[in-house]
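Coordinates in review
Chain residues, written in single-letter form:
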Amino acid sequence: MSTPEYFALLARYNADMNQKLYDAAAQLPPDEFTADRKAFFGSLCGTLNHLLTADTIWLRRFSAHPAGFAALQAAKALPQPTSLTHAFGTELATLRAYREQLDAIILAWVPQLTEAELARTFEYRSMRGDAYRRHFGSVLLHFFNHQTHHRGQASTLLSQAGIDIGVTDLLVWAPELP
């Protein structure tokens, strides 16, 4: 597989796992969804909001990439979070609709990636205004890894509530060879 194909795999895995995560979260009563479970972002709701926040921040940054990816034009209209604990809401249905919107943008965008663009230097600023320069492929790898990290936290919170999210191994999504 080429590097762009690996990112396409990560995008499919990401969208599928988000769907599984939200399906599992729907089994929780609303008060348990928002209950403080002493997780890094407090509740399952807080963790899902953080994922939406981080993805929104990164997609808006990626929309400024010099390649001008057409699929990321929609990201420019996304609301700009003001902190990493920004809340898009406390209702699972609201968060799910926004998650699906972000995943649709990601799935439409990733096929536009090329080896050359992934190797290109990407410049961006943190929320504090600090300037960074990194290879775009490395930043994109962080984008997907960050999602996996916090989905793991969310999966643990669901497991503690007696809800099994199911298989989460990326290997299940990898194409099998003949």
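Before any of the text, the structure's been laid out above.
Now for a quick tour of the structure.

Calculation rules
Residues numbered from 1 in each chain as written. Predicted model: local features only at pLDDT ≥ 70, side-chain atom pairs only at ≥ 80, totals over all residues. Heavy atoms only, no water. Helix = DSSP H or I, 4+ residues; strand = E, 2+ residues; numbered from the N terminus. Rg over C-alpha atoms; globule rule 2.2 N^0.38 Å. Contact = heavy atoms within 4.5 Å. Areas by Shrake-Rupley, 256 points an atom, 1.4 Å probe, with all protein chains shown as cover. Polar contact = N/O pair within 3.5 Å; in protein donor to acceptor, adjacent residues only side chain to side chain. Pairing = 2+ DSSP bridges. Phe/Tyr/Trp six-rings, centres within 6.5 Å; stacked < 30°, edge-to-face > 60°. Buried < 20%, exposed > 50% of the residue type's maximum accessible area, 1.4 Å probe, protein only. Lys NZ or Arg CZ within 6 Å of the ring centre and 35° of its normal. Expected span 1.5 Å × (residues − 1). Axes fitted to C-alpha atoms, helices over the stretch in contact; angles between N-to-C directions. Parallel < 35°, antiparallel > 145°, perpendicular 65-115°, else oblique. Nonpolar A, V, L, I, M, F, W, Y, C, P; charged D, E, K, R; others polar.

On to the overall build of the protein. Helix and strand counts for the protein stand at six helices and two strands. The C-alpha atoms of the protein give a radius of gyration of 16 Å, which matches the 16 Å a tight globule of 178 residues would have. Considered along the principal axes of its C-alpha atoms, the protein spans approximately 50 × 45 × 25 Å. In the protein, once contacts between residues fewer than 6 apart in sequence are set aside, the share between residues at least 24 apart is 73%. Here the protein displays about 9,200 Å² of accessible surface, and carbon together with sulfur accounts for 55% of that area.

It is worth spelling out the environment of His50 at this point. Take His50: it is sitting in helix H3 (residues 44–62). Put simply, His50 and Thr85 are 35 residues apart on the chain and 5.8 Å apart in space, counted from C-alpha to C-alpha. With sequence-adjacent residues up to four places away left out, His50 is seen in contact with Phe41, Leu84, His146 and His150. Within polar-contact distance, the side chain of His50 engages the side chain of His146 at 3.1 Å.

Our next topic: the pairing of strand E2 (residues 131–135). Here strand E1 (residues 121–125) pairs with E2 via five bridges, running antiparallel. The residue bridging Tyr124 from the neighbouring strand is Tyr132, located in E2.

Take the packing of aromatic side chains next. Using the criterion set out here, one finds 17 aromatic pairs in the structure. Summarising the aromatic geometry, the rings of Tyr13 and Trp173 are spaced 4.9 Å apart at their centres and angled 85 degrees between planes, so their arrangement reads as edge-to-face. Here Tyr13, found in helix H1 (residues 3–25), pairs with Trp173, found in the segment after helix H6 (136–160); they are 160 residues apart in sequence, far enough to count as distant. Here Trp58 and Tyr124 contribute two aromatic rings whose centre-to-centre distance is 5.0 Å and whose plane-to-plane angle is 65 degrees, an arrangement assigned as edge-to-face. With a gap of 66 residues between them, Trp58 in helix H3 and Tyr124 in strand E1 connect regions that are remote in the sequence. Judged on exposure class, the residue Trp58 and its partner Tyr124 are both buried. If you follow Arg61 out to its NZ or CZ, it ends over the ring of Trp58, 4.4 Å from the centre.

With 25 residues, H6 extends 37 Å from end C-alpha to end C-alpha; this agrees with the ideal 36 Å at 1.5 Å per step. Following H6 by one or two positions, Gly162 has its phi on the positive side, about 85 degrees.

The next point concerns the pairing of E1. Residue alternation in E1 divides its side chains into a buried set, Phe122 and Tyr124, and an unburied set, Thr121, Glu123 and Arg125. The turn joining E1 and E2, which pair antiparallel and follow one another in sequence, is formed by five residues; a positive phi near 100 degrees is taken by Gly129.

Before going further, it helps to spend a moment on the side chain of Ser63. Within the secondary structure layout, Ser63 lies in the loop between H3 and helix H4 (92–109). Take Ser63: its relative accessible area is 6%, and that puts it in the buried class. If we skip the residues at most four places from it in the chain, Ser63 touches Leu72, Ala75 and Lys76.

Attention shifts here to the side chain of Ser126. Relative to the helices and strands, Ser126 is located in the loop between E1 and E2. Contacts of Ser126, omitting those with residues within four sequence positions, involve Arg61 and Tyr132.

At a closest axis distance of 10 Å, the pairing of H1 and H4 adopts a crossing angle of 170 degrees. Overall, the two elements H1 and H4 adopt an arrangement that is roughly antiparallel. Between H1, through Ala11, Arg12, Asn14, Ala15, Asn18, Gln19, Tyr22, Asp23 and Ala25, and H4, the contact on the second element is made entirely by Leu92, Leu95, Arg96, Arg99, Asp103, Ile106 and Leu107. Partitioning the contact of H1 with H4 into residue classes produces eight nonpolar, three polar and five charged.

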